[in-house]
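# Close look at the chain arrangement
The chain contents come next:
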Amino acid sequence: MVSARNVPDQLVRADVAVIGGGTAGAVVAGRLIENTSLSVVVIEAGPDYGPLAAGHWPRELLDSTTLPETHDWGYRGPGAAPGAELAFERAQVIGGCSAHNGCSQTAGLASDYLAWGLSWTGETLAGAFKESAARLRVRRDDDDQLTPFHAAAMAAMVECGLPRTDDLDDLYGGAGCGPSPVNNPGGVRWNTGFAYLDPVRGENRLRVIDRAVADRLEFGGSAVRRLHLLRGGERLVVEADRFVLCGGAYGSPEVLLRSGVGPADELRALGVRPALDLPGVGRNLHDHPMAELRFAAGDELARRLTDHARLRPLPDEQVIGKARSAAGREPYDLHLLPWTGRTDDGWMCVLPAACLTPRSRGALRLTSPDPLARPAIDHGYLTDDADLAALRAGVELCRDMAASAALGPLLGAPLDEFTADPRPSAELLRASAAHYWHPVGTCALGPDPSAGAVVDPAGRVHGSDNLWVIDASIMPVIPRATTNLPVVALAEHLAGALADNGWPGSGLS
Ligand SMILES: Cc1cc2nc3c(=O)[nH]c(=O)nc-3n(C[C@H](O)[C@H](O)[C@H](O)COP(=O)(O)OP(=O)(O)OC[C@H]3O[C@@H](n4cnc5c(N)ncnc54)[C@H](O)[C@@H]3O)c2cc1C
C-alpha cells in the first residue's frame, strides 16, 4: 500500500481512486477506509469544505429548510413540450446532491430493489436501508411541529382518501401520507460527507483532491491504468489498483464516454478511441416527471406562516403522500409533495405530483471529448403516454386537495395558467411538467451488455478488470422513492462487497 500523501502532486497514487466525492462516493470512500487497510484518493470537481466541526461549510448548504441555488453544475436540457427547457440541478461539492437536496428520505418498495438482480435479499436490503438511515440521522417531525400549510395539506390528503401513515421509510409500506423522514438533525442538512467522511478524516490513508475534474480513464487492455484530471490549469494523473466511478447519473456516463467506454461507433464519430464497446452507456436515462399547481397563500394562511417562521424553522417541504393512479401499479405510483415558500409579496403554496413508475426513457450523449463541455441530456420526459396519464391523475388529486375543506379555504389565487385551467390540455400539461430531481439509469446494472447493461451486479463495468460504477446511474429502474436514501443504501451494499472482495497486494483489515 502506498500512502497517497507522500507523492508529488502531479502524480498521485493510491490503492483505490474514488471518482466523484458525492452522495455515493463519500459512502464508498468512508467505508473502504473504515473496513480495509487500503489507501483511498477521492477526486471531486467541487470544493471540499472539510469536516462540519471545522466551521467552513457555507450556511446555505447546511440550512435544510430550503433548497440552495449555489454549487450547481449548470446542466440544462429539453422538457416534455417542444421548445421547453429545464434546469437539471446537480451539486458540485463534496457530499454531492446530498449536500443541497430536500432532505426527504423515503425508502420505496422492497420489490423494486429486489428486481434489480443485486445480491440483495429481503434481509440484507432492509439492513442496508437501516444502516444508511442511521448514518444520515434520519428523523421525522411530529404532527404538532408541522407548519400550518403542511398540516392542512396532510389533512387534505387524508380527506382525499390517503390513510395517515408513518411508513414512508418502510420498504413494505403502502399508500398513505405523513410527515417526511428527514436527515436534518438540529436543522443541518446531514450530507454523506458528514455521515461517512468526517469519521475517517483523521486517517492519512484518505486523501481528497477537490476542485478537480476527472477527464478520462486510460486503459491498458481491459484494465484501467490511470485517471487524468484537470485541476485549475494543471493536469494531474492518478494511478490506482482499482477505480470506482461515483459521478452520478450525468457525471459517470460522461467520464466513461470520454474514456472510450460506450457505443463504439458514436465514440469514433466524436474522435474518442473506443476501449470497451458498451452500447448502454448514457442510455436508459429516466427520472420521475412532476407537475404542480401553484397558489398564493390566502391572507389567513400567510399570517399564520409568517407567525410560524418568526418562532421556529419553516421548512419548504415537510409531508409526502403516496397514492395510486387508476391505471397505476399497486400499491402506489404517485408522490404528492406539497411545499411552501416566500414570494416577493407573501407566500406561495405548491401542490406537486410526481409519477414514480416512469416508462419514458432518454439518453445522455457527449457533445465533445472536452471535459469542460456539457453533454446533451434528454430524459425523454412523457414520451410514453402512460406517464402522461399517471401525471394527469396526480394533478387531479392535487386539484381535489386544493378543493378540500382542510386546505381550500387557506389558498388564494392560482399563480399560473395551468393551475387556473380546470381541464388543461395535454399540451399545457407537457409545457408545465418538470422533474423530481431523480435522474438514474445511465450505467445500468444487469447481466447482459448487449441488452444495455453497463455494470454487473457487483457494480463492475462489463469487460473491465478494475473499474466499478457505484451511484444512481447504475439503478436499472428507478425505485418508487426519493433517491438519496436508495443511493446511500446501494453504496453501502456495494462498498461492503468491494471491501470483502480480496484486494491483490493490499492487506484487508
Ligand atoms: C435540488 C435537488 C433536490 C433533491 N431532493 C431530494 C430529496 O429531498 N430526497 C431525496 O431522496 N433525493 C433528493 N434529490 C436526489 C438525490 O439527492 C440524488 O439522487 C442523489 O444524491 C444522487 O447521488 P449520486 O451519488 O448518484 O450523485 P451525486 O450526489 O450528484 O454525486 C456525484 C458527485 O460526483 C462529482 N462529479 C461528477 N462528475 C465529476 C467529474 N468529472 N470529476 C470529478 N467529480 C465529478 C459531483 O460534483 C458530485 O459531487 C434531490 C436532488 C436535487 C438536485
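Everything here concerns the structure above.
Report follows, based on the coordinates. This one's a predicted model, so the numbers in the text were calculated from it and none came from an experiment.

### Side note on helix 10 (residues 385–402)
Here helix 10 is 18 residues long and its end C-alpha atoms lie 26 Å apart, about the 26 Å a rise of 1.5 Å per residue gives. For helix 10, the N-terminal capping position is held by D384, with its side-chain oxygen 2.9 Å away from the main-chain nitrogen of A386.

### Structural notes on the site of the ligand
Around the ligand sit 38 residues, and of these T23, E44, S104, T483 and N484 come closest. Residue V93 places a main-chain N or O atom 3.1 Å away from an oxygen atom belonging to the ligand. One of the backbone nitrogen or oxygen atoms of N484 is found 2.7 Å away from an oxygen atom of the ligand. Relative to its unbound accessible area of 1,000 Å², the ligand is 97% covered by the protein chains. Of all elements in the fold, only helix 1 (23–35), strand 9 (212–220), helix 7 (248–258) and helix 13 (484–499) reach the threshold of two or more residues within the shell around the ligand. Per-element accounting of the shell around the ligand gives the leading share, four residues, to helix 7. Taken together, the residues that form the shell around the ligand break down as 16 nonpolar, 17 polar and five charged.

### Notes on the pairing of strand 14 (residues 289–297)
Taken across its nine residues, strand 14 has seven buried, putting it largely inside the fold. When strand 14 meets strand 22 (residues 434–435), the two strands line up antiparallel, connected through two bridges. Bridge pairing links P289 to H435 in strand 22. Pairing of strand 14 with strand 18 (residues 346–355) involves seven bridges; the strand directions are antiparallel. Within strand 18, the residue paired with M290 across the bridge is A354. The sheet contact formed by strand 14 and strand 21 (residues 411–414) spans two bridges and is antiparallel. What sits directly across from F295, in strand 21, is P414.

### Considerations on the pairing of strand 17 (residues 339–343)
Note on strand geometry: in a regular strand, side chains alternate between the two faces of the sheet. Of the pairings in the sheet, the one linking strand 17 to strand 18 comprises five bridges and is antiparallel in character. Paired with R342 across the strands is W347, a residue of strand 18.

### Overview of the pattern of salt bridges
A full pass over the atoms with the stated rule returns 34 salt bridges. Here E85 ties to R76 by a salt bridge, and the two come within 2.9 Å at their closest N and O atoms. By relative accessible area, which is 45% here, R76 ends up partly exposed. Where R140 meets D169, a salt bridge forms, and the shortest distance between an N and an O atom there is 3.0 Å.

Conventions used here
- Residues numbered from 1 in each chain as written.
- Predicted model: local features only at pLDDT ≥ 70, side-chain atom pairs only at ≥ 80, totals over all residues.
- Heavy atoms only, no water.
- Helix = DSSP H or I, 4+ residues; strand = E, 2+ residues; numbered from the N terminus.
- Expected span 1.5 Å × (residues − 1).
- Polar contact = N/O pair within 3.5 Å; in protein donor to acceptor, adjacent residues only side chain to side chain.
- Near = heavy atom within 4 Å.
- Areas by Shrake-Rupley, 256 points an atom, 1.4 Å probe, with all protein chains shown as cover.
- Nonpolar A, V, L, I, M, F, W, Y, C, P; charged D, E, K, R; others polar.
- Buried < 20%, exposed > 50% of the residue type's maximum accessible area, 1.4 Å probe, protein only.
- Pairing = 2+ DSSP bridges.
- Salt bridge = Lys/Arg side-chain N within 4 Å of Asp/Glu carboxyl O.

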